[in-house]
Amino acid sequence: MEPLGGGGWTGHAGAPAPGWTYLLPLLLCAALRSLLASPSSEVNLLDSRTVMGDLGWIAYPKNGWEEIGEVDENYAPIHTYQVCKVMEQNQNNWLLTSWISNEGASRIFIELKFTLRDCNSLPGGLGTCKETFNMYYFESDDEDGRNIKENQYIKIDTIAADESFTELDLGDRVMKLNTEVRDVGPLTKKGFYLAFQDVGACIALVSVRVYYKKCPSVIRNLARFPDTITGADSSQLLEVSGICVDHSVTDEAPKMHCSAEGEWLVPIGKCLCKAGYEEKNNTCQVCRPGFFKASPHSPSCSKCPPHSYTLDEASTSCLCEEHYFRKESDPPTMACTTPSPVSSVKKGKITKNSISLSWQEPDRPNGIILEYEIKYFEKDQEMSYTIIKSKETTITADSLKPGSAYVFQIRARTAAGYGGFSRRFEFETSPVSVAASSDQSQIPIIVVSVTVGVILLAVVIGFLLSGRRCGYSKAKQDPEEEKMHFHNGHIKLPGVRTYIDPHTYEDPNQAVHEFAKEIEASCITIERVIGAGEFGEVCSGRLKLQGKRELPVAIKTLKVGYTEKQRRDFLGEASIMGQFDHPNIIHLEGVVTKNKPVMIVTEYMENGSLDTFLKKNDGQFTVIQLVGMLRGIASGMKYLSDMGYVHRDLAARNILINSNLVCKVSDFGLSRVLEDDPEAAYTTRGGKIPIRWTALEAIAFRKFTSASDVWSYGIVMWEVMSYGERPYWEMTNQDVIKAVEEGYRLPSPMDCPAALYQLMLDCWQKDRNSRPKFDEIVSMLDKLIRNPSSLKTLVNASSRVSNLLVEHSPVGSSTYRSVGEWLEAIKMGRYTEIFMENGYSSMDAVAQVTIEDLRRLGVTLVGHQKKIMNSLQEMKVQLVNGMMPL
Ligand code: ACK
């Protein structure tokens, strides 16, 4: 082995031999300088293209590798080394770099750019000509390691060209530059030398770049992660802890993983801006005076609530203005109010089951009193109380126990919020009458008591077995009065199964676990991504629970880096969905909350969302099939309205359809209407509402009820019958509101049965009480399905206005000049007086008559009922067909 030490290594690579420059396409070199800048995750230790002075590399023997002394267009030297001893035997030419510090990296990369002559193009050289060269390295802590022997170098690799070039290429100025990258590690010393060994090839080494990779410093989830040099092993992930940015605190320890490629992967945990600061552009900014943030978990600084202020920056709460107060137990988001307590409460009529009360409006009510809240409970049973809201200054509390004392407290609400509760007033119901307690009547009392006892027991047992601690419903009462029962802070109502708003739970996790099963992540196999939801990807997959058969499922995931509010809202949907059990409501299988990603698992609906499905299958279904879909949706909505749940975002995009064309209502987000529906737009009052699907009163004053859901249902009917057409086409939201307010309505879809269009128009009645209820819609659709010939009458094509809205006014208002004229015309004149006496004195009023109304009016003959109802129906259809003057 030839020793490499001594004089052989001292000289720099020599000047080029004449005739050699043809080897290197020099034009290429100037261009090289402007080649790709290194990616930000790569840190150069050496780049021969950027070294302006002498590289200091050494060739041995001196007549082997030589540097071409060229400069580029800026007179900067081009460090190119070449060797081409293809005609001579036994070549062993070394080119040794200067010492390169590794700057602490334990894996380095070497990128070589070179050209290599094809041996076939060298006549006569074939015997000795090679088409490869070798690359070596030698580690050392300092720069005095040059006198080392050839055999001390460690070989990195034999380098061959992907492209070699011929003279023909050169003649055409086709430049074939090879790029090869090799990596070396783990390195254990401070630096190293590289060496290139030629054994008889014709090579030009155009550039050498040596670099290491790092994950560049970033801020993620409000945590700063430093520049991190990648690991020594090419498959190693380095776990790096983040440090919370200024004014933030750790929520869950922030960590990320730095890959060997210099990419940050798998963020875990996060920081939150501390109280008094909010997140903006990856930093925590102070809340300005007048704003506050009470806890790290609140998303942003909020304006001080009414009648409170703060003059300081970084406030965590606001102070009440003079004469305004807030209870200690009230959250800092609550307005400060002036107490206006109700002081004098008088008892009125008292029976054994009810107590009537009246009271005086407070002397200084601090504005107009919007309503009173009356709280009462049986004495010593304070944990189980009832709240009645009333706009009047009298109420009757009923369903009370005989001979029992009840405690009442009343408070008033003004625009400034609630005043304090009045002092406690105690009243007693009358005892059971003495006469009733004679021996004779003992038996019925015992029977009644036992029955009541059994019913109560059944209610209690049912209540315990169902695992629910509460329920909710509105009792039949004065529409101005609202009554709710509470137990341990939760609204309750025995008997009917009703929807419970997860917001009533202090801890949202408790709500999720009350209504949704926790699923082990290992039971779920994710197969593919099927869409994007508000909170993350939606996937399809399979669920295999122990002892059950495998099910296809849809899996909604919560993307990493979510905020606490996002997690709450995301799981809120499961807390709602989990309360429903109906074939036309999407079924919740369960949730994954103990592992990440957090997931909601539901039944899989093969045909996806209804609007997309209909658009894809335009004109492909029979009317009966479409009505079947509508019937399913109505049935799901009837169930929801019976449960006391108002959907607020009923639209074809929120209906899913399976392979049997069964439609199911979905999308039960808590803040859904405000946040995630792309159709939702901001109204002038600041709410975000899907205008085209929403009833006027809900847009105007946020009166969302099952009746406003009925309006939306009418729009869904229109979407279905027009195969996914966009309601009101490209009209702007503002124009839609204006037109609908002026009485215009969507025209009938093409080929739509008149009876269905009439139903749509009924759903879009301005007066919400005049709209049909969901149970009526279901029975109407059932009737149409049972009697398909009723679907044959289509809305008259000539009167269908395809891209205009139709003016909609109450039925027949100007067809007959009076109710009498109409009744005479259908030979029912005998009822004129009864109609007039009962308030049906105009055709507008008559249009609302139902069959029950007729019975109540004394129209008992079925034939007469039919005649009147058919006439009304006929007028409605004629109106739709445009045959009646408006
Ligand atoms: O129209 P699609 O295919 O139906 O695209 C959306 C997407 O995920 C984002 O919401 C689809 N999707 C949502 N829930 C389900 C489900 N339970 N079964 C099948 N697809 C679903 C939806």
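Residues numbered from 1 in each chain as written. Predicted model: local features only at pLDDT ≥ 70, side-chain atom pairs only at ≥ 80, totals over all residues. Heavy atoms only, no water.

1. Some thoughts on the overall build of the protein chain
Then, number 1: Helix and strand counts for the protein chain stand at 18 helices and 46 strands.
Then, number 2: The proportion of buried residues among the 886 residues of the protein chain is 48%.
Then, number 3: Partitioning the intrachain contacts of the protein chain with sequence separation of at least 6 by distance along the chain shows that 65% fall at a separation of at least 24.
Then, number 4: Only carbon and sulfur atoms are counted for the fraction: they give 52% of the accessible area of the protein chain, which is about 43600 Å². (Helix = DSSP H or I, 4+ residues; strand = E, 2+ residues; numbered from the N terminus. Buried < 20%, exposed > 50% of the residue type's maximum accessible area, 1.4 Å probe, protein only. Contact = heavy atoms within 4.5 Å. Areas by Shrake-Rupley, 256 points an atom, 1.4 Å probe, with all protein chains shown as cover.)

2. So, the packing of helix α4 (residues 508-515) against helix α5 (residues 564-577)
Then, number 1: Packing of α4 against α5 leaves a shortest axis separation of 9 Å and a crossing angle of 25 degrees. Relative to α5, α4 is oriented roughly parallel. α5 is crossed by α4, and the crossing has left-handed handedness. Judged by residue contacts, Pro508, Asn509, Ala511, Val512 and Phe515 of α4 engage Arg567, Arg568, Leu571 and Ser575 from α5.
Then, number 2: Residues belonging to the contact of α4 with α5 are distributed by class as follows: five nonpolar, two polar and two charged. (Axes fitted to C-alpha atoms, helices over the stretch in contact; angles between N-to-C directions. Parallel < 35°, antiparallel > 145°, perpendicular 65-115°, else oblique. Left-handed = near helix turned anticlockwise from the far one by under 90°. Nonpolar A, V, L, I, M, F, W, Y, C, P; charged D, E, K, R; others polar.)

3. Section: the nonpolar core
Then, number 1: Residues Phe580, Leu610, Ile633, Phe668, Tyr713, Trp764 and Leu781 are the most contacted members of the largest nonpolar core, which totals 82 residues.
Then, number 2: In terms of nonpolar packing, the next biggest core, distinct from the first, is built from 33 residues, Trp57, Tyr81, Ile159 and Val208 among them. (Core = buried A, V, L, I, M, F, W, Y, C linked by side-chain atoms within 4.5 Å.)

4. Here we look at the environment of Thr694
Then, number 1: Its location among the elements puts Thr694 in the loop between β44 (688-689) and α9 (696-701).
Then, number 2: Between the C-alpha atoms of Thr694 and Phe704, which are 10 residues apart in sequence, the distance is 8.9 Å.
Then, number 3: Setting aside residues up to four positions removed in sequence, Thr694 forms contacts with Ile689, Ile699, Phe704, Trp711 and Ser712.
Then, number 4: Polar side-chain contacts of Thr694 include one of 2.7 Å to the backbone oxygen of Pro690. (Polar contact = N/O pair within 3.5 Å; in protein donor to acceptor, adjacent residues only side chain to side chain.)

5. Some remarks on unusual backbone geometry
Then, number 1: That bond from Tyr60 to Pro61 is cis: its omega, -10 degrees, falls within 30 degrees of zero.
Then, number 2: Structurally, the position occupied by Pro61 is in the loop between β2 (58-60) and β3 (66-71).
Then, number 3: With an omega of 0 degrees, the peptide bond running from Lys596 to Pro597 counts as cis.
Then, number 4: Of note, Pro597 is situated in the loop between β39 (588-592) and β40 (599-603).
Then, number 5: If you check the backbone angles, Ser399 has positive phi at about 55 degrees while not being a glycine.
Then, number 6: Here Ser399 lies in the loop between β30 (394-397) and β31 (405-414).
Then, number 7: Residue Ser399 is classed as exposed on the basis of its relative accessible area of 68%.

6. Section: α4
Then, number 1: Of the residues making up α4, those classed as buried are Ala511, Val512 and Phe515. The arc enclosing the buried residues of α4, seen along the axis, measures out at 100 degrees, which places them on a common side.
Then, number 2: Looking at the packing, one finds that the buried side of α4 touches α5 and β39. (Arc of directions from axis to C-beta.)

7. Comments concerning helix α7 (residues 623-642)
Then, number 1: An ideal rise of 1.5 Å per residue puts 28 Å on 20 residues; α7 measures up with 28 Å between its terminal C-alpha atoms.
Then, number 2: Residues of α7 that are buried include every one of Leu626, Val627, Met629, Leu630, Gly632, Ile633, Ala634, Ser635, Gly636, Met637, Tyr639 and Leu640, and no others.
Then, number 3: Buried-residue contacts for α7 involve α6 (610-616), β41 (655-657), β42 (663-665), α10 (706-721), α12 (754-763) and α13 (774-786).
Then, number 4: The positive-phi residue at the C-terminal boundary of α7 is Gly644, with phi of around 85 degrees. (Expected span 1.5 Å × (residues − 1).)

8. Digging into the sheet that holds strand β27 (residues 355-359)
Then, number 1: The strand order β26-β27-β30 describes an open sheet built from three strands, whose pairing is antiparallel. Of all strands in the sheet, those bounded by a partner on one side alone are β26 (345-350) and β30. Between one strand axis and the next, the sheet turns by 25 degrees as a mean value, whatever way the strands run.
Then, number 2: By the bridge criterion, four bridges tie β26 to β27 in an arrangement that is antiparallel. Counted as the bridge partner of Lys346 is Ser358 from β27. (Pairing = 2+ DSSP bridges.)

9. A few points about the packing of aromatic side chains
Then, number 1: Per the counting criterion, the structure on display carries 24 aromatic pairs.
Then, number 2: With a centroid separation of 5.2 Å and 85 degrees between ring planes, the pair formed by Phe114 and Phe133 is classed as edge-to-face. Of the two residues, Phe114 is situated in strand β7 (residues 108-116) and Phe133 in strand β8 (residues 132-140); the sequence distance between them amounts to 19 residues. In terms of burial, Phe114 and Phe133 fall into one category: buried.
Then, number 3: Among the aromatic residues, ring-to-ring pairing joins Tyr499, Phe580, Tyr639, Tyr645 and Phe668 into one connected group.
Then, number 4: The ring of Tyr385 has Lys375 lying over it, and the distance from NZ or CZ to the ring centre is 4.6 Å. (Phe/Tyr/Trp six-rings, centres within 6.5 Å; stacked < 30°, edge-to-face > 60°. Lys NZ or Arg CZ within 6 Å of the ring centre and 35° of its normal.)

10. Re the pairing of β8
Then, number 1: In terms of residue burial, β8 counts as a mostly covered element, since eight of its nine residues are buried.
Then, number 2: In terms of strand pairing, β8 meets strand β9 (residues 154-160) through six bridges, oriented antiparallel. Residue pairing for β9: Thr132 is matched across the bridge by Ala160.
Then, number 3: Of the strand pairs in this sheet, β8 and strand β11 (residues 191-198) are connected by eight bridges, and their pairing is antiparallel. Residue pairing across strands places Phe138 opposite Tyr193, the latter belonging to β11.

11. Let's talk about the site of the ligand
Then, number 1: Lining the immediate environment of the ligand, one finds 14 residues, of which Ala554, Thr602, Glu603, Met605 and Ser609 sit closest.
Then, number 2: Glu603 is positioned with one of its backbone polar atoms (N or O) 2.9 Å from a nitrogen atom of the ligand.
Then, number 3: One of the backbone N or O atoms of Met605 is found 2.8 Å from a nitrogen atom in the ligand.
Then, number 4: The protein chains hide 76% of the 450 Å² of surface that the ligand would expose on its own.
Then, number 5: Elements supplying a minimum of two residues to the shell around the ligand: β36 (524-532) and β40.
Then, number 6: A per-element tally of the shell around the ligand places β36 first, with three residues.
Then, number 7: For the shell around the ligand, the per-class residue count stands at eight nonpolar, five polar and one charged. (Near = heavy atom within 4 Å.)

12. Observations concerning the sheet that holds β40
Then, number 1: Read from one edge to the other, the open sheet built from five strands follows the order β36-β37-β38-β40-β39, with strand pairing classed as antiparallel. One side of each edge strand has no neighbouring strand; the edge strands of this open sheet are β36 and β39. The average undirected angle you get between the axes of adjacent strands in this sheet is 25 degrees.
Then, number 2: Two strands pair when backbone bridges link them, and strand β38 (residues 551-557) and β40 are joined in this way by five bridges, in the antiparallel orientation. In the strand pairing of β40, Lys556 is matched with Ile600.
Then, number 3: On top of the sheet, α5 reaches β38, β39 and β40; it is set at about 35 degrees to β40, its chief contact.

13. Regarding the pattern of salt bridges
Then, number 1: Evaluated as defined, the whole model comprises 25 salt bridges.
Then, number 2: Between Glu603 and Lys664 there is a salt bridge, with the nearest N and O atoms lying 3.0 Å from each other. Taken together, the positions of Glu603 in strand β40 and Lys664 in strand β42 put the pair 61 residues apart, joining distant regions of the chain.
Then, number 3: Judged by relative accessible area, which is 15%, Glu603 ranks as buried. (Salt bridge = Lys/Arg side-chain N within 4 Å of Asp/Glu carboxyl O.)

14. Observations regarding the UniProt feature "active site" (unreviewed entry) in the protein chain
Then, number 1: The UniProt feature table records "active site" (unreviewed entry) at Asp649.
Then, number 2: Along the chain, Asp649 turns up in the loop between α7 and β41. (UniProt positions renumbered as here; feature names shortened; annotations may be inferred.)

15. Digging into the environment of Tyr562
Then, number 1: Among the secondary structure elements, Tyr562 is positioned in the loop between β38 and α5.
Then, number 2: Its relative accessible area of 11% is what places Tyr562 among the buried residues.
Then, number 3: Residues in contact with Tyr562, not counting those within four places in the same chain, are Lys270, Arg567, Lys596 and Val598.

16. Quick look at the state of the cysteines
Then, number 1: Scanning all chains against the criterion turns up eight disulfides.
Then, number 2: Between the sulfur atoms of Cys119 and its disulfide mate Cys129 the distance is 1.9 Å. The disulfide joining Cys119 to Cys129 has a torsion of about -80 degrees about its S-S bond and is therefore left-handed. Taken as a pair, Cys119 in the loop between β7 and β8 and Cys129 in the loop between β7 and β8 lie far apart in primary sequence, 10 residues in all. (Disulfide = S-S within 2.5 Å.)

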